[in-house]
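Fold and geometry: a report
For reference, the chains in residue letters:
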Amino acid sequence: MPNCQETLKELETFLDTELPDARVSEIMSHLTECVDCQGAYEFHAELREIIRFKAQKEDLPEGFLARLVNCFGEDVLPEE
Ligand SMILES: [Zn+2]
């Protein structure tokens, strides 16, 4: 099973569903047993939902996306 560091490192790839199936089930089983990684996962997943929703429904304030990228890296942006 992957440890916390590995899980967090692969979280973004996991959310993009770009991981191989075997790796996905490993990460999943880590997430079900580790509260810390579960929290990080939910945070990232929610953040993506919010950004995706906002970007569709309304114009984001200027600089908002730039700030997000600064904080979380470009992986946080929805793919077009
Ligand atoms: Zn963990």
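Rules behind the numbers
- Residues numbered from 1 in each chain as written.
- Predicted model: local features only at pLDDT ≥ 70, side-chain atom pairs only at ≥ 80, totals over all residues.
- Helix = DSSP H or I, 4+ residues; strand = E, 2+ residues; numbered from the N terminus.
- Buried ≥ 20, exposed ≤ 12 C-beta atoms within 10 Å, placed from the backbone.
- Contact = placed C-beta atoms within 7 Å.
- pLDDT = per-residue confidence, 0-100.

Right, let's get into the overall build of the protein. Helix and strand content of the protein: five helices and zero strands. The linear arrangement of helices and strands in the protein, starting from the amino end, is α-α-α-α-α. Considering only C-alpha atoms, the protein reaches an extent of 40 × 20 × 15 Å along its principal axes. Counting across all 80 residues of the protein, residues that qualify as buried make up 8%. For the protein, the share of sequence-separated contacts (at least 6 apart) that also reach a separation of at least 24 residues comes to 57%.

Right, let's get into the environment of L60. Within the secondary structure layout, L60 lies in the loop between α4 (35-57) and α5 (64-72). Leave out the neighbours within four places in its chain, and L60 touches K54, A55 and L65.

Considering the arrangement of structural elements, one finds E46 in helix α4. In this structure the C-alpha to C-alpha distance between E46 and L8, which are 38 residues apart in sequence, comes to 15 Å.

Of all residues in the protein, 90% attain a pLDDT of 70 or more, and the chain-wide mean is 83. No element of the protein has a lower mean pLDDT than α5, at 75, and none a higher one than helix α3 (residues 21-33), at 93.

Phi is positive for T17, close to 50°, though the residue is something other than glycine. For T17, the location among the structural elements is in the loop between α2 (11-15) and α3.

Next up on the list: the environment of G39. When you line up the elements, G39 lands in helix α4. Exposure remark for G39: the 11 C-beta atoms within 10 Å place this residue in the exposed category. When the C-alpha positions of G39 and D21 are compared, they lie 22 Å apart, and in sequence the two are 18 residues distant.

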